[in-house]
Amino acid sequence: MESKVGRLLNQINEPNDIKKIDPREYRLLAKEIRQFLVHKISMTGGHLASNLGAVELTMALHLCLDFPNDSLVWDVGHQSYTHKLLTGRKEGFDTLRQFGGMSGFPKRSESNCDAFDTGHSSTSISLAIGMAKARELKKEKNNVFAVIGDGALSGGMAFEALNNAARLKSNLVIVLNDNQMSISKNVGGMSKYLGNIRTSTNYTEFKEDVETKLRKSHIGNALADSIKGAKDAVKRLFVPGMLFEDMGITYIGPIDGHDVKQMVSAFESASKMQKAVIVHVCTKKGKGYLPAEEDPSAFHGIAPFKPSDGTLKNKEKYLTYTYVFSRKLVELADKDEKIVAISAAMPSGTGLNRMAERFPDRFFDVGIAEEHAVTFAAGMASKGMKPVVAIYSTFFQRAYDQILHDVCIGRLPVIFAVDRAGLVGSDGETHQGMFDISYFNSMPNMTIMAPKNVLELEKMLEFAAGFDGPIAIRYPRGKAYTGLKEYDTKIEYGKSEKITDGVDIALLAVGSMVETAVKVRKILLQHGIDVTIVNARFVKPLDEEMLSDIGRNHRYIITMEEGILTGGFGESVSHWYQENAPQMPFIRNIALPDKFIEHGSVEMLKKKYKIDAEGIAEKIMDFTGALYQ
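Residues numbered from 1 in each chain as written. Predicted model: local features only at pLDDT ≥ 70, side-chain atom pairs only at ≥ 80, totals over all residues. Heavy atoms only, no water.

Another point: the packing of helix α14 (residues 321–335) against helix α20 (residues 454–465). It is the contact of α14 with α20, at a shortest axis distance of 10 Å, that shows an interaxial angle of 40°. The handedness of the crossing between α14 and α20 is right-handed. Each of Tyr321, Val324, Phe325, Arg327, Lys328 and Leu332 in α14 lies in contact with α20, whose residues at this interface are Val454, Leu457, Glu458, Leu461, Glu462 and Ala465. Residues that form the contact of α14 with α20 fall into these classes: 8 nonpolar, no polar and 4 charged. (Axes fitted to C-alpha atoms, helices over the stretch in contact; angles between N-to-C directions. Helix = DSSP H or I, 4+ residues; strand = E, 2+ residues; numbered from the N terminus. Left-handed = near helix turned anticlockwise from the far one by under 90°. Contact = heavy atoms within 4.5 Å. Nonpolar A, V, L, I, M, F, W, Y, C, P; charged D, E, K, R; others polar.)

Shown next, in the form of structure tokens:
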């Protein structure tokens, strides 16, 4: 695909410029947009397949709406790239998802055409209802549209919102972007229901046939008008379920999501109704770029690639914690038939696809439904099974109440595999896995572990499989650490592991920060400072025996964790010393600040917030040097 900006796309530099384009050239504009997206994302990486599928849909929305006066809420928001293009942000794609560059998600700080900072799934309808209700109260006239995917519609929050949408006394248009996928293939009853609608043309054909014949005579015209009041009864004979209509929400569709003219007509009709309306459009994820069409999951979020064939530019293969987790889980499940695995719409991302292939009857993908996933696991655990729930750190927080109430109160043996723990980089503030230590740490009966390397992750999974209570194991994204294999003491409940013995200063590191602690020690040794390194292993419970010993023999204690400071490991350690050590050592907690962390590479972000080896060594020398003086 060509890299230069196309003739039509070059004419779009401000919001609403698309309305100046000749309708006869919409198809060419769509082609130019796809060429632009493939070229730019091939250089920076990003969400490709979902954006290629939503090109014509976004064009139609921009032809109907007036920005920034109207509000367009994107569910999740990863599919908003064309929206960014059509609101004058072409230049931003050179730094897409890079530190200091344009976000891959809607950002109000980036443009007043972005209605809300979305990032997580199934929130758009609730947001749009709130905006529509505010419009009613303020007696304003602007349009409010929400775009939600069929995968996101499986989330419970979307159903809660639909349940309330019928109360609206003004217009709200909910665009259901149905591409039969979220990240992986959609599952569950809603997916089946939408599939039935997609394939059922009986109602539409029947209605058009009857109306055409009746309109051929004067009497027929009157009869056609009179029977419109009975349309709901007729619909129920032909359209499966009529779920949305039965909830009091007008349904329009299904409509070809790649036919701009048809969608514009539907959106204009829907926006005239003084109520909530769902417009169901069917799109093809990855459309217009063959590699993405053939494997949309691989191109959902992709690293820089070669546009000619879709292969990755960097073909370096390395071991990941996700791979090690999936391999070990299958090994354990092979020995224990009580072990089951649960995913929330991300079997590939969490490595559970291996479990699905090996033990399909013991693998459960519940869709984008983290709350259900956890309570479903609790139900299984209460009947003697050993559920493993594997979800990204940023999404586990959506199930806080279920973990606390349904698992921890009953001390149920559920294993929480917390993938992408810590900084994840380019997806930014909505996806950083920096809160899990704090929220799991606040729960009574919860045990929290973090491995220093791949071998320790395997041993922690073995430990967790035999543990009789809730337990969370957190591990980071990316290349797994394989060092320190010689340190392989048996895992005992609540016990840490000493890596090196030093003088005066002790580094207490959690999980991924053990590798960083080793690097910090090397820097400090160059300044004549030797340190003790302790691999915490357990964030909760604390190793009190170790803390007592370290406190007696060290003047300075530095805690290190790749998570937020508030409520984290460091605060727990500081509190323990305050309660238990009359001669309390000097303590410095190294962690992420109490703020949302922007997008950028993990290395760049660690450097900025000084939780890389150089930054931590500098903090330690400043801290200890000042105290020595």
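Let us keep going from here.
Right, let's talk about helix α12 (residues 260–270) for a bit. For α12, every residue scored as buried is listed here: Val260, Met263, Val264, Ala266, Phe267 and Ala270. Taken around the axis of α12, the buried residues stretch over an arc of 165°, which confines them to a single face. Those residues of α12 hidden inside the fold are in contact with α1 (26–44), α3 (55–64), β2 (144–149), β3 (172–178), β4 (250–256) and β5 (276–282). With a side-chain oxygen lying 3.2 Å from the backbone nitrogen of Lys261, the N-terminal cap of α12 falls on Asp259. (Buried < 20%, exposed > 50% of the residue type's maximum accessible area, 1.4 Å probe, protein only. Arc of directions from axis to C-beta. Polar contact = N/O pair within 3.5 Å; in protein donor to acceptor, adjacent residues only side chain to side chain.)

Moving on, we get to the packing of aromatic side chains. This structure, assessed with the given rule, holds 22 aromatic pairs. Ring centres of Phe145 and Phe267 lie 6.0 Å apart, and the angle between their planes is 90°; this geometry places the pair in the edge-to-face category. Pair noted here: Phe145 is in strand β2 and Phe267 is in helix α12, with a separation of 122 residues, a long-range link. Each member of the pair Phe145 and Phe267 is classed as buried. Taken together, the ring pairs connect Phe396, Phe416, Tyr439 and Phe440 into an aromatic cluster. Over the aromatic face of Phe116 sits the side chain of Arg108, whose NZ or CZ is 4.9 Å from the ring centroid. (Phe/Tyr/Trp six-rings, centres within 6.5 Å; stacked < 30°, edge-to-face > 60°. Lys NZ or Arg CZ within 6 Å of the ring centre and 35° of its normal.)

With that settled, the discussion passes to the sheet that holds strand β12 (residues 497–500). In spatial order, the strands read β12-β14-β13-β16-β17; together these 5 strands make up an open sheet with mixed pairing. The open sheet has two edge strands, β12 and β17 (586–592), and neither has a second partner. Across the sheet, the mean angle from the axis of one strand to that of its neighbour is 25°, orientation sign disregarded. Pairing of strand β16 (residues 554–564) with β17, which is carried by 6 bridges, proceeds in the parallel orientation. Counted as the bridge partner of Met560 is Ile590 from β17. (Pairing = 2+ DSSP bridges.)

Before going further, it helps to examine the sheet that holds β3. With parallel pairing, the 5 strands of this open sheet are ordered in space as β1-β2-β3-β5-β4. The open sheet has two edge strands, β1 (71–74) and β4, and neither has a second partner. Geometrically, the sheet is characterised by an average inter-axis angle of 20° between neighbouring strands, direction not taken into account. Sitting on the sheet, helix α5 (residues 124–138) is in contact with β1, β2 and β3, with an inclination near 175° to β2. The sheet strands contacting α12 are β2, β3, β4 and β5, and the helix crosses β4 at an angle near 170°.

Turning to the packing of α3 against α12, a few remarks are in order. For the pair α3 and α12, the least separation of the axes is 9 Å and the interaxial angle reads 45°. Taken together, the axes of α3 and α12 lie oblique to each other. Between α3 and α12 lies a crossing whose hand is right-handed. Counting all contacts with α3, which are made through Glu56, Leu57, Met59, Ala60, Leu61, Leu63 and Cys64, the residues of α12 involved are Val260, Met263, Val264, Phe267 and Glu268. A breakdown of the residues in the contact of α3 with α12 according to their chemical character gives 10 nonpolar, no polar and 2 charged. (Parallel < 35°, antiparallel > 145°, perpendicular 65-115°, else oblique.)

Moving on: the nonpolar core. Counting 64 residues, the largest nonpolar core has Phe325, Leu507, Val520 and Met560 as its most contacted members. Once you skip the residues sitting within four places of it in the chain, Val520 turns out to touch Leu507, Met560, Ala613, Ile616, Ala617 and Ile620. Ranked by size, the runner-up nonpolar core spans 54 residues in total, among them Ile33, Cys64, Phe93 and Met102. (Core = buried A, V, L, I, M, F, W, Y, C linked by side-chain atoms within 4.5 Å.)

Moving on: the side chain of Ser42. Tracing the backbone shows Ser42 in helix α1. Judged by its relative accessible area of 1%, Ser42 is buried.

Glancing now at the pairing of strand β6 (residues 339–343). Within a regular strand, side chains alternate between the sheet's two faces. Counting buried positions over the 5 residues of β6 gives 5, a clear majority of the element. Here β6 shows no split at all, with Ile339, Ala341 and Ser343 on one side and Val340 and Ile342 on the other all buried. Bridge count for β6 against strand β8 (residues 386–392) is 5 bridges, and the pairing is parallel. Within β8, the position partnered with Ile339 by the bridge is Lys386. Across 3 bridges, the pairing between β6 and strand β7 (residues 363–365) is parallel. Residue Ile342 lies in a different strand from β7, and its bridge partner there is Phe364. For the crossover that starts at β6, traverses helix α15 (residues 353–358) and ends in the parallel β7, the hand is right-handed. (Right-handed = clockwise from strand over helix to strand, strands pointing away.)

Let us now look at the pattern of salt bridges. Evaluation of the coordinates by the stated rule reveals 36 salt bridges. Between Arg24 and Asp22 there is a salt bridge, and its shortest N-O distance comes to 2.6 Å. For Asp22, a relative accessible area of 27% puts it in the partly exposed group. As a salt-bridge pair, Lys40 and Asp94 come within 2.5 Å of each other at their nearest N and O atoms. Here Asp94 lies in the loop between α4 (81–86) and α5 and Lys40 lies in helix α1, a separation of 54 residues in the sequence. Note on Lys40: relative accessible area 12%, which makes it buried. (Salt bridge = Lys/Arg side-chain N within 4 Å of Asp/Glu carboxyl O.)

As for its placement among the helices and strands, Glu456 is situated in helix α20. Every residue in contact with Glu456, bar those within four places of it in the chain, is listed here: Ala450, Pro451, Ile491, Glu497, Asn535 and Arg537.

Let us now look at unusual backbone geometry. The residue after Phe67, namely Pro68, is reached through a cis peptide bond having omega 5°. For Pro68, the position within the fold is in the loop between α3 and β1. Each neighbour pair has its own omega, and for Gly253 with Pro254 the value is -5°, a cis peptide bond. Considering the arrangement of structural elements, one finds Pro254 in strand β4. One non-glycine residue, Asn445, lies in the positive phi region at around 75°. Mapping Asn445 onto the fold places it in the loop between α19 (436–441) and β10 (447–449). Located in the positive-phi region is Leu484, a residue other than glycine, with phi close to 60°. Position of Leu484 relative to the elements: it lies in the loop between β11 (471–474) and β12.

Interpretation note: all reported values are geometric properties and have no functional meaning in isolation.
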